[in-house]
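# Close look at the chain arrangement
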Amino acid sequence: MKNRPHRAWLICLGGALAMFAVMGLGINVFSIYQPEIIRLNGFTDAQGSWITTTRSLFILATLLCVNQLCARFGLRRVMSAGVLLVGLSCLCFAFADRFLLYCAAAALTGVGYCLAGMVPVSLAVGRWFQDRQGLALGLASAGSGVSTVFAPVLLTGVLKRQGMTAAFLWEGGVIFLCAALVWCLMGDTPGEEGPYRRPGGAPVQPSARRTGAGLSRGQWGLLLLAALFVGATGGPGFSHLTMLYTSSGYSSLFIAGLLSYLGAMISLGKIICGQVYDRLGGRGGNRFAFGTLLLALVLCALAPVGGALLPVLAITAFGLGLSITAVSPARWAGDLCAGYESGVRTITLAYTAGMLVFGPLPGLLADWLGGYVPAYTAFFALLLAAYLIVQGLYRRRT
């Protein structure tokens, strides 16, 4: 019995499966459908951006009550329901035939992602892990990258052979299976065994919470502004990668291969980032996450240059840096905020607001200026400002 793995690692697996479904399949992989939806329906680039913006709007609205729902109904029920909703959204996308129906399907994805995404996963890690929280959060959030490894190529093949409806139906079936597995694996709170800790580590009371020193109102405003700016790159910056490279003349199969490679880099980046935060602390982890993502945006802006090398380098850096959307908010909440759970939710709320506010920007700039490069230049400036703000807060508060 001594060598039996702690149940916390099953919780970590359940979180990874939830992220596999709601973020990997529900959000990340959606980018392969976006050019096809625009082409088949004759939508403008701005309308394509508004579909993902609608998703962000409903993520934002659901964030206002996700902590209360988790407290009332438990993590297991809420996360399983979230995965089910994303599966239902795939059915809606499969049979949508007008702009408003696509927006309605995107709204279901947004609600489902929020109920089974990074906020409940962060809460689960905070409850079930006393030690190795960075690693656990990195492993759980890496589930979204695993699905992005193989799904783009498989679904692009289905799109070409059987059409978009069949691709969405296949994806929905996989997500429903994930919902059943999440229900079996997740748990609400540790029992007598307590949260996971390293051998020899001192036990903590179940009610204990890791907290920072707290922020003044002005500092809170700056942190939320930084999270808002990060949302621009992590949301529309990520979801418009396919449009960036499609408009730059790359083939759909090459882009699908890039997305699969991106999934591997996302998984690797989140695990590495979790380890960096555990070993080097908040500032070291921030340098890793921000630095790689800033490099990615520079390389994305060079997309019209052509060739295969620059896109591969850009996707490598983008995948490694995207850990800033999953691992970093929980670490900021633990290091800087007076309450961990409320801090995670509030930072995620600001991040999602950034996805919403800047969601239409790539499509609007593409319609006005004829390409997506100006949007990625703007994202670079916003992310650089966010980095300076966050590191400044760390210097003052830690």
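The rules behind the values
Residues numbered from 1 in each chain as written. Predicted model: local features only at pLDDT ≥ 70, side-chain atom pairs only at ≥ 80, totals over all residues. Heavy atoms only, no water. Helix = DSSP H or I, 4+ residues; strand = E, 2+ residues; numbered from the N terminus. Rg over C-alpha atoms; globule rule 2.2 N^0.38 Å. Buried < 20%, exposed > 50% of the residue type's maximum accessible area, 1.4 Å probe, protein only. Contact = heavy atoms within 4.5 Å. Areas by Shrake-Rupley, 256 points an atom, 1.4 Å probe, with all protein chains shown as cover. Lys, Arg positive; Asp, Glu negative; His and termini not counted. Charge placed at Lys NZ, Arg CZ, Asp CG, Glu CD. Axes fitted to C-alpha atoms, helices over the stretch in contact; angles between N-to-C directions. Parallel < 35°, antiparallel > 145°, perpendicular 65-115°, else oblique. Nonpolar A, V, L, I, M, F, W, Y, C, P; charged D, E, K, R; others polar. Salt bridge = Lys/Arg side-chain N within 4 Å of Asp/Glu carboxyl O. Patch = residues over 30% accessible without salt bridge, like charges linked within 9 Å, V, L, I, M, F, W, Y side chains within 5 Å. 1 Å grid on protein atoms, 1.4 Å probe; cavity = no way out; pocket = protein on both sides within 12 Å on 5 of 7 lines; lining within 4 Å. Points joined across faces, edges and corners; volume = space filled by probe spheres on them. Left-handed = near helix turned anticlockwise from the far one by under 90°.

Before going further, it helps to examine the overall build of the protein chain. When helices and strands are tallied, the protein chain shows 18 helices and 0 strands. Computed over its C-alpha atoms, the radius of gyration of the protein chain comes to 20 Å, within 12% of the 21 Å expected for a compact globule of 398 residues. Dimensions of the protein chain, computed from C-alpha atoms along their principal axes, come out at roughly 60 × 45 × 35 Å. Of all 398 residues assigned to the protein chain, the portion counted as buried reaches 60%. Of the contacts made within the protein chain by residues no fewer than 6 positions apart, 85% connect residues no fewer than 24 positions apart. As presented, the protein chain carries roughly 15400 Å² of accessible surface, and 66% of it is formed by carbon and sulfur atoms. Distance between charge centres in the protein chain, computed from 27 positive and 12 negative side chains, equals 7 Å.

We now examine helix α8 (residues 133–141). Here α8 lies mainly inside the structure; 8 of its 9 residues are buried. Listed as buried for α8 are Gln133, Gly134, Leu135, Ala136, Leu137, Gly138, Ala140 and Ser141. Those residues of α8 hidden inside the fold are in contact with α1 (8–28), α7 (118–128), α9 (143–162), α13 (252–300) and α15 (328–336).

Remark: α13 packs on helix α18 (residues 373–397), axes separated minimally by 9 Å, with the N-to-C direction vectors making an angle of 170 degrees. Overall, the two elements α13 and α18 adopt an arrangement that is roughly antiparallel. Of the residues in α18, those in contact with Gly282, Arg283, Asn286, Arg287, Phe290, Leu293, Leu294, Leu297, Val298 and Cys300 of α13 are Tyr376, Phe379, Phe380, Leu383, Leu384, Ala386, Tyr387, Val390, Gln391, Tyr394 and Arg395. In terms of residue class, the contact of α13 with α18 is built from 15 nonpolar, 3 polar and 3 charged.

In this structure the tally under the stated criterion is 3 salt bridges. A salt bridge links Asp335 to Arg331, with the nearest nitrogen and oxygen atoms 2.8 Å apart. You can see Asp335 and its partner Arg331 sitting in helix α15, 4 residues apart, about one turn around the helix. Each of the two residues, Asp335 as well as Arg331, counts as buried.

The next point concerns the side chain of Thr156. Inspection of the secondary structure puts Thr156 in helix α9. Every residue in contact with Thr156, bar those within four places of it in the chain, is listed here: Ile32, Ala151, Leu253 and Ala256.

Moving on to a positive patch on the surface. On the surface, Arg283, Arg287, Arg395 and Arg396 cluster together into a patch of positive charge. You can see Arg287 is positioned in helix α13.

Further remarks concern the side chain of Glu171. For Glu171, the position within the fold is in helix α10 (residues 164–185). Buried and without a salt bridge, Glu171 has Arg55 as its closest oppositely charged side chain, separated by 9.0 Å.

This part is about empty space enclosed by the protein. Tallied over the full model, the rule gives 8 cavities of 30 Å³ or more. Roughly 110 Å³ of internal volume is contained in the largest cavity. Every residue lining the largest cavity is counted, 13 residues in all, and those nearest its centre are Met23, Ile27, Gly234, Tyr351 and Met355. The set of elements that each furnish at least two residues to the lining of the largest cavity consists of α1, α3 (45–63), α11 (217–239) and α16 (340–358).

Attention now goes to the packing of helix α4 (residues 66–73) against α7. Running from N to C, α4 and α7 point in directions that differ by 50 degrees, and their axes come no closer than 10 Å. Here α4 lies oblique to α7, going by the angle between them. The handedness of the crossing between α4 and α7 is right-handed. Touching Val66, Asn67 and Cys70 of α4 are Val119, Pro120 and Leu123, all from α7. Split by residue class, the contact of α4 with α7 holds 5 nonpolar, 1 polar and no charged.

Attention shifts here to the layout of surface pockets. Considered as a void within the structure, the second largest pocket measures approximately 260 Å³ in volume. Among the secondary structure elements, those contributing two or more residues to the lining of the second largest pocket are α2 (34–41), α9, α12 (241–247) and α13. Looking at the lining of the second largest pocket, the element that brings in the most residues is α13, giving 4 residues. The residue makeup of the lining of the second largest pocket, split by class, is 7 nonpolar, 4 polar and 3 charged.

Worth remembering: the numbers are spatial, not functional.
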